[in-house]
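Breakdown of the fold
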Number of protein chains: 2
Amino acid sequence: MKNCAHKHSHQRQEMSALTGRLRQQSCKITGPRAAILEILRQHPHPLTNKEIFASLPKGGCDLATIYRAMQLLEKLGMVKRFDFGDGAARFELVGEGDDGHHHHLVCTRCAEVVEIGECFPSEIENRIARANGFKAVTHRLEFFGLCPGCQT
Amino acid sequence: MKNCAHKHSHQRQEMSALTGRLRQQSCKITGPRAAILEILRQHPHPLTNKEIFASLPKGGCDLATIYRAMQLLEKLGMVKRFDFGDGAARFELVGEGDDGHHHHLVCTRCAEVVEIGECFPSEIENRIARANGFKAVTHRLEFFGLCPGCQT
DNA sequence: TTTCAATTGCAAACCGTTTGCAATTGGGTG
DNA sequence: CACCCAATTGCAAACGGTTTGCAATTGAAA
């Protein structure tokens with residue numbers, strides 16, 4: 001299955017590399033898209049569409065455009081969608097060749113997010129898949145707790 | 001942390017035990033609530049509010065009432081909320097004394113759900129918590145894949 | 001049976017997300 | 001460099017799940 005042992009290279013990707021990936025798919029490099037990619041580049045953390053919207057330079061673009069851009073980027077594998085269970089999707093830029101699979105530790109009080117290197121042991125996942133006859137099994141895993149600052 | 005080794009006793013709970021738990025909290029045993037508990041008793045699987053609504057005998061109750069009932073039951077720990085990432089919350093009855101913590105394997109095509117006995121190793125969870133100074137750490141974990149019948 | 005807080009139904013409000021459509025625009029082409 | 005058209009955007013309306021205000025209803029304690 002998935003290999004979770006690799007480092008999640010969070011070194012900022014070059015803008016040219018990002019736009020190149022778009023161009024390869026005959027997608028236009030528009031103002032809104034460039035601005036969105038720039039925001040994602042600057043925030044190595046999962047961002048909601050609304051947060052991206054708020055971070056956009058004045059006169060940014062429509063919220064709907066961000067939703068559409070994130071759908072596109074996700075489909076192209078340039079962005080990974082995360083779900084912290086609060087009803088809002090979050091996105092993180094993914095390195096080329098990487099699948100972006102990793103997990104987070106989220107503070108249930110202040111929403112601080114820490115990226116986690118650990119992953120669910122694939123031997124166990126494989127066993128679960130086999131035991132139930134499932135194929136192409138992945139998992140969604142997030143941790144929740146109280147961060148140092150929020151422990152009363 | 002959590003003990004994941006116990007069996008998830010899915011033997012149906014007595015209706016009287018359920019209503020008793022409600023009564024203890026000075027909550028009324030109303031028609032809608034009894035009907036909802038009955039549905040949950042009969043379905044040892046995560047159900048959405050809409051599914052509960054649809055399973056209700058004719059002339060059931062308002063959808064809003066179900067939402068309110070599930071909120072109450074969750075607060076009382078009688079029901080556990082699950083999130084399969086499709087935007088709809090799902091609920092399962094929880095045995096008395098149990099915390100209901102467990103996971104599922106969900107078919108991404110037909111939505112079949114299998115309950116999983118395995119859990120994320122608590123030693124690893126503890127290590128993650130300690131390493132980041134977090135307290136009271138839990139996790140949300142679900143598996144997704146193609147069930148035997150959906151593998152083309 | 002009386003009584004009152006708890007609960008319900010209904011409709012409107014909310015929130016994140018999607019979509020139809022006309023206007024705009026990137027970027028390959030001549 | 002001007003042209004052209006498919007790709008993209010803004011805007012507003014629609015959507016699906018969930019919540020809420022309020023007046024009417026109802027358990028169950030006394």
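Details of the structure are given in the entry above.
One structure accompanies this document, and this report is about it. What you see is a predicted model; the values in this text were computed from it and never measured.

On a plain count of helices and strands, chain A comes out with five helices and six strands. Secondary structure elements of chain A, listed N to C terminal, follow the sequence α-α-β-α-α-β-β-β-β-α-β. In terms of overall dimensions, chain A has C-alpha extents of about 50 × 45 × 25 Å along its principal axes. Long-range pairs, those at least 24 residues apart, make up 53% of the contacts in chain A with a sequence separation of at least 6. For chain A, the exposed surface amounts to about 8,100 Å²; the carbon and sulfur share of it is 51%.

With that out of the way, let us pick up the protein's contact with DNA strand C. Lining the immediate environment of DNA strand C, one finds 22 residues, of which A:Tyr67, B:Lys28, B:Thr30, B:Arg33 and B:Thr65 sit closest. A share of 67% of the atoms of DNA strand C within 4 Å of the protein falls on sugar and phosphate groups. A distance of 2.6 Å separates a phosphate oxygen of DNA strand C from a polar atom in the side chain of A:Tyr67. B:Arg33 places a side-chain nitrogen or oxygen 2.3 Å from a phosphate oxygen of DNA strand C. At the level of secondary structure, the elements contributing two or more residues to the surface near DNA strand C comprise α3 (49–55) and α4 (63–75) of chain A together with α2 (31–42) and α4 (63–75) of chain B. Across the surface near DNA strand C, the residue classes tally to eight nonpolar, six polar and eight charged.

Here we take up the interface of chain B and chain A. Taken together, the contact pairs 34 residues of chain B with 34 residues of chain A. In total, chain B and chain A occlude about 2,800 Å² of area from one another, counting both sides; carbon and sulfur atoms represent 65% of this. Our count for the contact surface shared by chain B and chain A stands at two salt bridges. Elements represented by at least two residues in the side of chain B that touches chain A include exactly β4 (103–107), β5 (113–116), α5 (122–132) and β6 (135–146) of chain B. Per element, the largest residue contribution to the side of chain B that touches chain A is twelve residues, and it comes from β6(B). Residue composition of the side of chain B that touches chain A, by class: 20 nonpolar, seven polar and seven charged.

Attention now moves to the pairing of strand β2 (residues 79–83) of chain B. All names here are of chain B. Summarising the sheet, β2 and strand β3 (residues 89–93) pair through five bridges and their orientation is antiparallel. Residue Val79 lies in a different strand from β3, and its bridge partner there is Leu93. Between the end of β2 and the start of β3, which pair antiparallel, lie five residues, with Gly85 showing a positive phi angle near 75°.

Now for the pattern of salt bridges. Residue and element names in this part refer to chain B. Enumeration over the complete set of coordinates arrives at ten salt bridges over all chains. Here Glu74 makes a salt bridge to Arg81, at a shortest N to O gap of 3.0 Å. A residue is classified by how much of its surface remains accessible, and Glu74, at 30% relative accessible area, is partly exposed. Residue class for Arg81 comes out partly exposed when judged on its relative accessible area of 37%.

The next point concerns the sheet that holds β2(B). All names here are of chain B. One open sheet accounts for three strands, arranged β1-β3-β2; its pairing is antiparallel. Strand pairing shows two members of the sheet lacking a second neighbour, β1 (47–48) and β2, which therefore form its edges. Where α2 meets the sheet, it contacts β1, β2 and β3, and its direction lies at approximately 80° from that of β3.

The next subject is the side chain of A:Glu125. All names here are of chain A. When you line up the elements, Glu125 lands in helix α5 (residues 122–132). Classification of Glu125 by relative accessible area gives buried; the value is 2%. A distance of 2.4 Å separates the side chain of Glu125 from the side chain of His139, its partner in a polar contact.

A few words now on the protein's contact with DNA strand D. Inspection of the region around DNA strand D gives 22 residues, with A:Lys28, A:Thr30, A:Arg33, A:Thr65 and B:Tyr67 positioned closest. Looking at DNA strand D alone, sugar and phosphate atoms form 66% of those within 4 Å of the protein. Between a base nitrogen of DNA strand D and a side-chain N or O atom of A:Arg68, the distance comes to 2.9 Å. Residue B:Lys28 places a side-chain N or O atom 3.1 Å away from a base nitrogen belonging to DNA strand D. Every element with two or more residues in the surface near DNA strand D is listed here: α2 (31–42) and α4 of chain A together with α3 (49–55) and α4 of chain B. At four residues, the largest contribution of residues to the surface near DNA strand D is made by α4(B). For the surface near DNA strand D, the class distribution of residues is eight nonpolar, six polar and eight charged.

Criteria and cut-off values
- Residues numbered from 1 in each chain as written.
- Chains lettered and ligands numbered in written order.
- Predicted model: local features only at pLDDT ≥ 70, side-chain atom pairs only at ≥ 80, totals over all residues.
- Heavy atoms only, no water.
- Helix = DSSP H or I, 4+ residues; strand = E, 2+ residues; numbered from the N terminus.
- Contact = heavy atoms within 4.5 Å.
- Areas by Shrake-Rupley, 256 points an atom, 1.4 Å probe, with all protein chains shown as cover.
- Near = heavy atom within 4 Å.
- Polar contact = N/O pair within 3.5 Å; in protein donor to acceptor, adjacent residues only side chain to side chain.
- Nonpolar A, V, L, I, M, F, W, Y, C, P; charged D, E, K, R; others polar.
- Buried area = accessible area lost by both parts, 1.4 Å probe.
- Salt bridge = Lys/Arg side-chain N within 4 Å of Asp/Glu carboxyl O.
- Pairing = 2+ DSSP bridges.
- Buried < 20%, exposed > 50% of the residue type's maximum accessible area, 1.4 Å probe, protein only.
- Axes fitted to C-alpha atoms, helices over the stretch in contact; angles between N-to-C directions.

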